[in-house]
Amino acid sequence: AKLVETNGYREEVAWIDLAFAVFVIMLLNVSDRCRTFALFYISMFMMHYMNPHSTARFSRNFQVDIEGTGITYLVVCSVGTALAILAAILPWPRTDLQEVDQDVNSIRVALTTMLRQVVITYNGEPQQATIRSKLVKGFRIINETLGQVNAKLERVWWEGFDLGSRGHVRYLISSYVKLLKELTDVARGMQMAAAQDMTVENGVMREMVPEISPFTERVIEFVNDSWLSLSDGDISEAEKVAMQRKAEDIAQGLLALGNTYNTKRMEAGIPVLDIALLEEDFFMYNLGQMVQALERFTCTIRVPDKGEMARWAMDALLDCVDPDLDRNHWNFVLRGFTSFMAAFIWAVMLGTYNFIFAATVALVMSKFMGSAIERNLGRMQGVVLGLVLPAIVLHQLPTCSGGLGTFLFLCIVFVFEAGALYVYRSASSRFSYIAMLTAAFAAQAFFQPCDVFNDESATSHTAYAKVTSTMTGIIIVLFVDTALSNERPTEAVRIHFESALNRIRAGLQSALDSKQQQRAQGLVQKDIKQAALYHSEACHEPRYWRAPYPEEMVEDILVLMDQLRLNLRSLEQTGRKAGQRGAEGFQDGQFHAIFAEVRKIPEFIVSRRDLLTQFDRVAKLLLSTLEHEKEEQNLNIVNYEHDDTVIGKVVVLCGMLQHTEYNTEVSVLDDHRCRIAVAMFMFLNIHYRLADIVEVVL
């Protein structure tokens, strides 16, 4: 609060205002870019405000000073923002909504193509091994793209605030993306079954490929027609009814397909549970899950009314400013607040009132030390290139004034900035960050009075002052992060792996004990995503005295953990019967304990104990390997011996579970025999994945 009667200010009010504003900005759940700009301008305004030698003008007593510093920068930022928007829409518009539309369409095409290829692998095509390899890579790319689409859908809200048809489009595409995600998981299960069934000669699925292929085509037709109906942001009641009828027809086709499948097995004299043919039951079960996804989609797809759109818009706005109160964010708030205030206080104590100290902290602060150090190194490169190269180039000009000099000056600026921005848009994230900083600081270095470039001492002094200010800010960030950081990225990877493993084990135990599961696979997926996020940061973490970070091992473990998640997902689904469409939408099936009748069989008790024990041993091995950061050999790895006899006991158990009967009158999702077969197949696959984890670790 500037005093009206003096040229000073109330120091205690200024410091309290600064500390409160910085703390709130650090606390809010806003994007990194928004936080950076907010802190940047706060540092600049407050430094001008508190500098007794500053000639900057400020508005006083709630009266707006048109020539004041705040109004000047508001106008400049408004013009810059308008130009940035023009750059995004000229010569043709480029929005996140358009990119989402293109990405979803490409995912749709890729997924429907891969569904056909899954059936081809069952048909015994000569290139089936190559196709399987492409499918594994393709599903991984689809999952990554779906994650990017969800992030873009969140940003789409800012492009139009969900006003008019844009809100309808965003909601309908979000529902469609959920359908694609479900179908992707189902298709991965089908691919898993098809891949393992290639060595079996006495199954019936190859005979059924001529019937499965047209069924799959009907599903693909539904997926394509649904996209055509909703991609324009509107879906009529007639289109919705038509989609529901298509889903019902596909469900009837599934019932007929399941009946044919069971009939062929009975005619072939195949036992009720054949350990060599469990994958065929799993394939049929996934066809049922595919139909369930379509029916669930038809119950959720609709155009929301204005009241719902208003509530969602308010929720989206509140999410942007809602404090994220997890433990890591609080530590980030503490480190960022301490670094910023330390840099600001340091500039005031020196008497220079140079805001670059604190502005540098705002630019380079990061939640993790690994990425912070890399960003700081890039920051240094960007500052040096941006300040030094313009001076070197312009010193070669005979003059930067007059007609020719101005023309050459503008050409140099255009070429330099265009080149830097090209690298920013096309290079990797590491070099794009350096290019962005180079472009920003070069613009500041270029636009100075012409006589400054002719004065080598003035140019050198300006560059030196900015480089030293930047280096000081970086050193402050490094010191504070080292002192206050409570969790390294590598520790976060291990913590999320541990959380995912605990959730998977809890889900397994619930299924084995015939208890109603809490659908842990969704939480497991979140843990895996967080582990992958921290893994990308851990790769850049300084190791100092520690052993190298096992980057390749963790990447393989992430894949295997996701496969365990899919196994748990299928296991959880076998605990429920088929869902039904109701008056209030799609209703999930009732819980039905499939192992209630066999829980006391000795073979089942042994298999249950072996599975959980094996899981615990492998989890302990993996976590201890991640904790071991010394150069010497890990004794846990040396002393570990994997129990390969447990799979044989599961085979024996499968032979004991022959009390069920074939049922040609119900859907595969309600068929007790099929659900038990799927559960046994999941137990075997979990053992296989645990063995794969051990192989990767060892």
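Look up: the structure comes first, before these words.
Residues numbered from 1 in each chain as written. Predicted model: local features only at pLDDT ≥ 70, side-chain atom pairs only at ≥ 80, totals over all residues. Heavy atoms only, no water.

## Describing the pattern of salt bridges
- Considering all chains together, one arrives at 20 salt bridges under this definition.
- D185 is the salt-bridge partner of K181, the closest N and O atoms lying 3.7 Å from each other. Of this pair, K181 and D185 are both found in helix 6 (residues 165–196), 4 residues apart, which corresponds to roughly one turn of the helix.
- Residue classification places D185 among the buried residues on the basis of a relative accessible area of 6%.
- We note a salt bridge from R188 to D562, for which the minimum N-O separation is 2.6 Å. Linking R188 in helix 6 with D562 in helix 20 (residues 551–574), this pair joins segments that are 374 residues apart in sequence.
- When its relative accessible area of 14% is taken as the criterion, D562 is described as buried.
- If you follow the salt bridges from partner to partner, you end up with K181, D185, R188, D562, R565 and R569 in one network. (Salt bridge = Lys/Arg side-chain N within 4 Å of Asp/Glu carboxyl O. Helix = DSSP H or I, 4+ residues; strand = E, 2+ residues; numbered from the N terminus. Buried < 20%, exposed > 50% of the residue type's maximum accessible area, 1.4 Å probe, protein only.)

## A closer look at the packing of helix 20 against helix 21 (residues 602–627)
- Where helix 20 contacts helix 21, the two axes come as close as 12 Å, and the packing angle between them is 150°. With respect to each other, helix 20 and helix 21 are oriented roughly antiparallel. Regarding helix 20 and helix 21, the two cross each other, and that crossing is left-handed. Residues M553, V554 and I557 of helix 20 form the contact with helix 21, whose own contacting residues are L622, T625 and L626.
- Here the contact of helix 20 with helix 21 is built from residues that sort into 5 nonpolar, 1 polar and no charged. (Axes fitted to C-alpha atoms, helices over the stretch in contact; angles between N-to-C directions. Parallel < 35°, antiparallel > 145°, perpendicular 65-115°, else oblique. Left-handed = near helix turned anticlockwise from the far one by under 90°. Contact = heavy atoms within 4.5 Å. Nonpolar A, V, L, I, M, F, W, Y, C, P; charged D, E, K, R; others polar.)

## Here we look at the packing of aromatic side chains
- Summed over the entire model, instances satisfying the criterion amount to 10 aromatic pairs.
- Judged by centre distance (5.7 Å) and plane angle (85°), the ring pair of W15 and F344 falls under edge-to-face. Of this pair, W15 sits in helix 1 (residues 11–27) while F344 is found in helix 11 (residues 327–350), placing the two residues 329 residues apart along the sequence. (Phe/Tyr/Trp six-rings, centres within 6.5 Å; stacked < 30°, edge-to-face > 60°.)

## Remarks on the environment of S106
- Checked against the element boundaries, S106 lands in helix 4 (residues 96–122).
- A C-alpha to C-alpha distance of 9.3 Å links S106 and I142, two positions 36 residues apart in sequence.
- In this structure the side chain of S106 is engaged in a polar contact, spanning 2.6 Å, whose partner is the backbone oxygen of D103. (Polar contact = N/O pair within 3.5 Å; in protein donor to acceptor, adjacent residues only side chain to side chain.)

## Re the environment of E11
- The residue E11 is located in helix 1 in this model.
- Since its relative accessible area comes to 46%, E11 is described here as partly exposed.
- Along the primary structure E11 and M50 are separated by 39 residues, whereas in three dimensions their C-alpha atoms are 8.0 Å apart.

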